[in-house]
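Inside the fold
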Amino acid sequence: MECISTTQYSISLNVGLYGKIQGRRGLRLGDPISPLLFIICMEYFIRILNRVAMIIGFEFHTKCKGLKLNHLCFVDDMLLFCKGTYQSVVLMLRGLQTFTDTSGLSTNARKSKIFSANMKTQSLEDICELTGYQKGTLPFRYLGVPISAKKLTALDYEMLLEKLAVRVCRPKKAGGLWVLDCMIWNEASVAKYAWNIAQKADNLWVRWVDHIYLSHTNWWDYTPPTDYSWYWKKICSIRDKFKAGYMGNGWITHNGSYTIHSGYQHRKGEQEAWYWEKWCHFSKECLKLILQRLGLGVQNLNLHSLWKMMTRNITGRKCRAFLHAVLTALVYNISKARNRALWKQAVPEPRRVRDQIKEDCKIKVYNHIDSNINRSGGNWIGGLYNITHV
């Protein structure tokens, strides 16, 4: 521990270092030895908990007995499991105290909670009083993800969906994933669990699922009972959607390994190309109607040259500002229609989009029809809304 107790700190002031402050505890920020020391400490803590599980009088949680599981570690967060008996909790506390006496680290009672199921109220209150921890309720959030034994409502997912929408739908150049169909991408992500089960991946979750749910039955022939948890039945239903992509013991890709991206492409199939071809046609139809409404004889719908060709026919600062507003409203309404098609399976007719753009730009019209606009420009804009320019 000499590397911890012999650290010194100096203060940087006016391009100079001053003073030598002796470190008493902890490591410097970003010290490369920090994760190694953390792992050493947690390894010792885990061994204590494994020893606690072997003591006579300790009882495992009902769903963890087969795997002899009494803890899960997520970096510096720890979940402890045991049957809701007074003796089991006392043994857990003794293990925690042993770790505290050795390392000097202790639990934070204000951040620790007890979650229970099918326990008597008095027994739960006794355990809360013994530990000093508060009673927790489901659902709770861990890293922004709602945790619950029941099927979550749309309200429970609201905050998470807002964060995902920014991250997932953002273009790759802006740090996002540029996913076009979030629902299919979510299914492809969940299918990764089905793949791990099929491959009997060497991790704790797969072993737990095999012990609790499958009981060593064939994964592809398995049907979940109706009274099993909603999330497990969802995994099984998504497995069936991706079943055609599994060839023998591998995936249909050239290397036989499943990835979320390959699963997404498999589910979309030719739908993706059809989807964009359809929306490209929809966008062009909307643009044609707008150009007809504006009275512009532009035949080339190539977006790269469209603006240049349109502005050749439109002169004057205010006329071009109105034209810019119309094109902005066009892009917005096409995007809005696309989202409506994705989430509500409803696509408006192009002429309705044209009429909506006309309404959206009405305020712009009244702002530009004034004495400061030239007569030809005023007549052009006014004629679109049957307004006389004086």
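Analysis parameters
Residues numbered from 1 in each chain as written. Predicted model: local features only at pLDDT ≥ 70, side-chain atom pairs only at ≥ 80, totals over all residues. Heavy atoms only, no water. Helix = DSSP H or I, 4+ residues; strand = E, 2+ residues; numbered from the N terminus. Buried < 20%, exposed > 50% of the residue type's maximum accessible area, 1.4 Å probe, protein only. Contact = heavy atoms within 4.5 Å. Areas by Shrake-Rupley, 256 points an atom, 1.4 Å probe, with all protein chains shown as cover. Polar contact = N/O pair within 3.5 Å; in protein donor to acceptor, adjacent residues only side chain to side chain. Pairing = 2+ DSSP bridges. pLDDT = per-residue confidence, 0-100. Phe/Tyr/Trp six-rings, centres within 6.5 Å; stacked < 30°, edge-to-face > 60°. Lys NZ or Arg CZ within 6 Å of the ring centre and 35° of its normal. Axes fitted to C-alpha atoms, helices over the stretch in contact; angles between N-to-C directions. Parallel < 35°, antiparallel > 145°, perpendicular 65-115°, else oblique. Nonpolar A, V, L, I, M, F, W, Y, C, P; charged D, E, K, R; others polar. Core = buried A, V, L, I, M, F, W, Y, C linked by side-chain atoms within 4.5 Å. Expected span 1.5 Å × (residues − 1). Arc of directions from axis to C-beta. Salt bridge = Lys/Arg side-chain N within 4 Å of Asp/Glu carboxyl O.

Another aspect to go through is the overall build of the protein chain. Within the protein chain, the regular secondary structure consists of 15 helices and 10 strands. Within the protein chain, the proportion of its 390 residues that are buried is 31%. The contacts in the protein chain between residues at least 6 apart in sequence include a share of 45% that link residues at least 24 apart. For the protein chain, the computed accessible surface area is about 26,400 Å², with 56% contributed by carbon and sulfur atoms.

Restricting attention to buried positions, one finds in helix α7 (residues 204-214) the residues Val206, Trp208, Val209, Asp210, Ile212, Tyr213 and Leu214. Those residues of α7 hidden inside the fold are in contact with α6 (182-198) and α8 (230-242). Among the residues of α7, the N-terminal cap falls to Asn203, whose side-chain oxygen and the backbone nitrogen of Trp205 are separated by 3.2 Å. Of the residues one or two after α7, Ser215 is the one with positive phi, at around 50 degrees.

Once that is clear, we can look at the pairing of strand β4 (residues 77-80). Bridge count between strand β3 (residues 71-74) and β4: 4 bridges; the pairing is antiparallel. Of the residues in β4, the one forming a bridge with Phe74 is Asp77.

As a further point, take the confidence of the model for the protein chain. The share of residues in the protein chain with pLDDT of 70 or more is 74%, and the mean pLDDT across the chain is 79. When the criterion is pLDDT under 50, residues 270-276 qualifies, and its contacts beyond four places in sequence or with other chains add up to 6 contacts.

The next thing to look at is the packing of aromatic side chains. In this structure the tally under the stated criterion is 17 aromatic pairs. When the ring of Tyr246 is compared with that of Trp251, the centres are 5.0 Å apart and the planes differ by 70 degrees; the resulting orientation is edge-to-face. In this structure, Tyr246 and Trp251 share a single accessibility class: buried. By way of ring pairs, the aromatic residues Trp195, Trp220, Phe242, Tyr246, Trp251 and Tyr258 are connected into one cluster. Note that Arg239 overlies the ring of Trp219, its terminal NZ or CZ placed 4.6 Å from the centroid. Sitting over the ring of Phe242, Arg267 keeps its end group 5.9 Å from the ring centre.

What follows deals with the packing of α6 against α7. Put simply, α6 and α7 touch, their axes get as near as 10 Å, and they point 80 degrees apart. Regarding the angle of α6 to α7, the classification is roughly perpendicular. Of the residues in α7, those in contact with Tyr193, Asn196 and Ile197 of α6 are Trp205, Val206, Val209 and Leu214. Taken together, the residues of the contact of α6 with α7 sort by class into 6 nonpolar, 1 polar and no charged.

Trp219, Trp232 and Phe242 are the most contacted members of the largest nonpolar core, which has 24 residues in total. Secondary-structure elements contributing two or more residues to this core are α6, α7 and α8. With 8 residues, the top contributor of residues to this core is α6. Look past the residues within four positions of Phe242 in its chain and what remains in contact with it is Glu187, Ala188, Ala191, Trp251, Tyr258, Gly263, His266 and Arg267.

This brings us to the side chain of Ser262. As for its placement among the helices and strands, Ser262 is situated in helix α9 (residues 260-268). With relative accessibility at 11%, the residue Ser262 sits in the buried group. Setting aside residues up to four positions removed in sequence, Ser262 forms contacts with Trp251, Thr253 and Ser257.

Put simply, α6 and α8 touch, their axes get as near as 9 Å, and they point 90 degrees apart. Considering their axes alone, α6 and α8 lie roughly perpendicular with respect to each other. Taking contact as the criterion, the partners of Glu187, Ala188, Val190, Ala191, Tyr193, Ala194 and Ile197 in α6 are, on α8, Trp232, Ile235, Ile238, Arg239, Lys241 and Phe242. Of the residues assigned to the contact of α6 with α8, the class counts are 10 nonpolar, no polar and 3 charged.

Compared with an ideal rise of 1.5 Å per residue, which puts 20 residues at 28 Å, helix α2 (residues 34-53) spans 29 Å between its outermost C-alpha atoms and is within 8% of the ideal. Turning to α2, its buried residues are Met42, Phe45, Ile48, Leu49, Val52 and Ala53. Buried residues along α2 cover an arc of 145 degrees about the axis, so they all sit on one side. Those residues of α2 that are exposed and aimed more than 90 degrees away from the buried face are Ile39, Ile40, Arg47 and Arg51. Taken together, the buried residues of α2 touch β3, β4 and α3 (86-103).

The subject of this paragraph is the environment of Phe322. Positionally, Phe322 belongs in helix α12 (residues 317-344). Take Phe322: its relative accessible area is 1%, and that puts it in the buried class. Spatially, the C-alpha atoms of Phe322 and Cys361 are 7.9 Å apart, while their sequence positions differ by 39 residues.

In total, this model carries 8 salt bridges according to the counting rule given. One salt bridge connects Arg47 with Glu43, and the closest N-O pair in it is separated by 3.2 Å. A residue pair is termed a helical-turn pair when its members lie 3 or 4 positions apart in one helix, as Arg47 and Glu43 do in helix α2 at 4 residues. Of the residues examined, Glu43 reaches a relative accessible area of 36% and is grouped as partly exposed.

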